[in-house]
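Now for the letters of each chain:
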Amino acid sequence: MSSTDDLEAAAYDVAIVGYGPVGATAANLLGQMGLRVVVIERDPDIYFRARAISTDEEVLRIWQQVGLADRLNADMQPGAGANFVDPDGVPIIRLLPADRGNGHPPQQFIYQPAVDTVLREGVERFAGVSVLLEHECLRLIQHPDCVELMLADLMRDEFKRIRASYVIAADGGSSAIRGQLGIGFGGRTFSERWIVIDTKVIREWPGHDKLRFHCNPLRPTVDCPTPLGHHRWEFPVRDEEDEKALLTDEAIWEVLNHQGITAANVEIIGFACYSHHVRFADRWRVGRIFLAGDAAHAMPPWIGQGMCAGVRDVANLCWKLQAVLSGSLPESVLDSYQAERLPHVKEVTSRAVKVGKIIVDRNPLRAKVRRHVFRTANKLPGFSTWLRNHRWLPPAHYDAGLLAHNGNPAVGWLIPQPWVIDGNGDRVRFDDVVGGTWSVLHVGPDLLPRAWRSAGVPVIQIAAPGSAAGPDRIVDCDGTLTRWLQNKKTSVVALRPDGFVYAGGTTDKPLPPPPAGFVAASHRVKDHA
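Our subject in this report is the structure included herewith. (Residues numbered from 1 in each chain as written. Predicted model: local features only at pLDDT ≥ 70, side-chain atom pairs only at ≥ 80, totals over all residues. Heavy atoms only, no water.)

**Considerations on unusual backbone geometry**
So, point 1. The phi angle at Glu-134 is positive, at roughly 55°, despite the residue not being glycine.
So, point 2. Its relative accessible area of 23% is what places Glu-134 among the partly exposed residues.
So, point 3. Non-glycine residue Lys-489 carries a positive phi angle of around 55°.
So, point 4. Following the sequence through the fold, Lys-489 ends up in the loop between helix H14 (480–487) and strand E25 (492–495). (Buried < 20%, exposed > 50% of the residue type's maximum accessible area, 1.4 Å probe, protein only. Helix = DSSP H or I, 4+ residues; strand = E, 2+ residues; numbered from the N terminus.)

As structure tokens, then:
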């Protein structure tokens, strides 16, 4: 970690306001890129309460980019889908997460303080990243070439100013920066408030490792395992109930006892009351300042995507900031951030709301009919798959943004991550060979237009299983990449640093040229150590 003695005079490439999982992910990504970064956080330490409770394969793939996925996975608990049960605990339907081939488990339960710890330890690897805890950003002033941040040092009761080329506001749903910028945060707040109970497991019980949505009109309840010996329950406050009366040990134990849980099973760590929101910031970019995570959008927790959406935000934004700062892309590409991320966030939020309606329906007759319909429909072939595909996490795909819109079916999709044999003959994950840089992949003959080679972009051949690897040639161990390209009717693709396909081509329709203004540094296929 760099010294903070000269921060008054220091200028940074990027300032990050907020040091939760989203801000910490951004700090890792930017630090690994070699940028000068400062993180500003008003709290003195990690927030002790678990908030986010799950993650998915795409987010772990992002954390893999900064070398932390395996360490994070060690503290996670693989999920077994979502189980919807009736008031008697009898299953209605079960939604299993889809494995989309990203090289990690499709669903993982997390204990957020442990995730925060690992992400912050990861930041400490980068000498170019400074972290200012117990500092508050009071004001931002934009200049033509930078942003000036006025900070309050809460430990010393002092003020200081720093400068950064760009700012990422990852300061949560009540974002002070969003307020300073006068950005609207439209949407709705649900009238029901929810009590959240976090516990430490003492003795396990049947079903302790399953996520269950208790679809009980009298008391809808979420029953969720979290790793490292923790468990969570959530339930809404009824209209006739006093919220304060429910926030007592006696009331909490009454709810847990109704679930068959006693003091022999768990120790209560804490409980609190929250409201659920569906909100989207009107603008995610104002000049050199960008909103990310809850500062840009808020969604109900039903499919566990609040934190994940924020991590996806900064994975989309950080490589573009690096490209602009290094001069390899024009600043106009930063406008693609909201254009790409907002539609996906809205679809995820819509699905979360629909799942929530199943859980919290208070009409006994309607809930009974729904249970009967689901149980009957579940006997039909393919129904559970349809339900998952239309109610759970949508696939990673962009329709608009920094893409070559030439009609190729691969454009805008996140390429899968199988195991491959690299040039050293080692079996590694695909991103560990080509991740983090622009690259061109092809199967069959090399018919690449000269523009990509002239730009210095590495060109990598995908060889069939059983072939020999070599320089600029990887072996697709089980044929995943080859099949994926065949399904997309594509023989060559240009990948962005985040793994999304910028352009696709065939022998009949050549690969389009790089983006306007693109200048790439000279890269080669990475040797995996």
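**As for the packing of aromatic side chains**
So, point 1. Within the structure shown, the criterion is met by 15 aromatic pairs.
So, point 2. Ring geometry for Trp-194 versus Trp-302: centroids 4.8 Å apart, planes at 65°, classification edge-to-face. Here Trp-302 lies in the loop between strand E19 (297–298) and helix H8 (306–326) and Trp-194 lies in strand E12 (residues 185–201), a separation of 108 residues in the sequence.
So, point 3. Note on Trp-319 and Trp-438: the rings are 5.9 Å apart at their centroids and 80° apart in plane angle, and the pair reads as edge-to-face. One end of the pair, Trp-319, is in helix H8; the other, Trp-438, is in the loop between helix H12 (431–434) and strand E22 (439–442), and 119 residues separate them in sequence. (Phe/Tyr/Trp six-rings, centres within 6.5 Å; stacked < 30°, edge-to-face > 60°.)

**Here we look at the pairing of strand E15 (residues 230–236)**
Residues in a regular strand project their side chains so that they alternate between the two faces of the sheet.
So, point 1. E15 sits mainly inside the fold: 7 of its 7 residues count as buried.
So, point 2. Relative to E15, E12 runs antiparallel, the two being bridged by 7 bridges. Bridge pairing in E15 links Ile-197 to Trp-233.
So, point 3. Across 5 bridges, the pairing between strand E14 (residues 221–226) and E15 is antiparallel. Bridge pairing in E15 links Val-222 to Glu-234. (Pairing = 2+ DSSP bridges.)

**Focus: helix H7 (residues 249–258)**
So, point 1. Within H7, the full set of buried residues consists of Ala-251, Ile-252, Val-255 and Leu-256. Around the axis of H7, the buried residues are gathered within 135° of arc, so they sit on the same side. Exposed side of H7, more than 90 degrees from the buried face: Glu-250, Glu-254 and His-258 are the residues found there.
So, point 2. The elements touched by buried residues of H7 are E12, E15, helix H6 (243–246) and strand E16 (266–281). (Arc of directions from axis to C-beta. Contact = heavy atoms within 4.5 Å.)

**Remarks on the environment of Lys-160**
So, point 1. Examined against the element boundaries, Lys-160 turns out to sit in strand E11 (residues 158–169).
So, point 2. Between the C-alpha atoms of Lys-160 and Thr-437, which are 277 residues apart in sequence, the distance is 36 Å.

**Details of the sheet that holds strand E23 (residues 459–463)**
So, point 1. Pairing within the open sheet is mixed, and its 7 strands lie in the order E21-E20-E24-E23-E22-E25-E26. Each edge of the sheet is formed by a strand with only one pairing partner; in this case those strands are strand E21 (427–429) and strand E26 (501–505). Averaged over all neighbouring strand pairs, the angle between strand axes comes to 30°, with direction disregarded.
So, point 2. Of the strand pairs in this sheet, E25 and E26 are connected by 4 bridges, and their pairing is antiparallel. Its bridge partner being in E26, Val-493 is matched across the sheet by Gly-504. (Axes fitted to C-alpha atoms, helices over the stretch in contact; angles between N-to-C directions.)

**Quick word on the sheet that holds E12**
So, point 1. One open sheet accounts for 8 strands, arranged E6-E5-E13-E14-E15-E12-E16-E19; its pairing is mixed. Two strands bound the open sheet, and with one partner strand each, they are strand E6 (91–95) and E19.
So, point 2. Against the sheet, helix H9 (residues 336–360) engages strand E5 (82–85), E12, strand E13 (211–214), E16 and E19, with an angle of about 125° to E16.

**A few points about the nonpolar core**
So, point 1. Among the nonpolar cores identified, the biggest contains 124 residues, and Trp-63, Phe-84, Leu-149, Ile-168 and Phe-213 are the most heavily contacted of them.
So, point 2. Ranked by residues supplied to this core, first place goes to H8 with 12 residues.
So, point 3. Each of domain 1 (12–73 + 110–184 + 279–356) and domain 2 (413–505) accounts for three or more of the residues forming this core.
So, point 4. Apart from residues lying up to four places away in sequence, Trp-63 is in contact with Thr-25, Thr-55, Leu-68, Ala-69, Leu-72, Met-76, Val-115, Leu-119, Met-307 and Val-311.
So, point 5. Counting residues in each nonpolar core, the second largest holds 17 residues, with Ala-410, Ile-474, Leu-481 and Leu-495 among its members. (Core = buried A, V, L, I, M, F, W, Y, C linked by side-chain atoms within 4.5 Å. Domains from an automatic or database assignment.)

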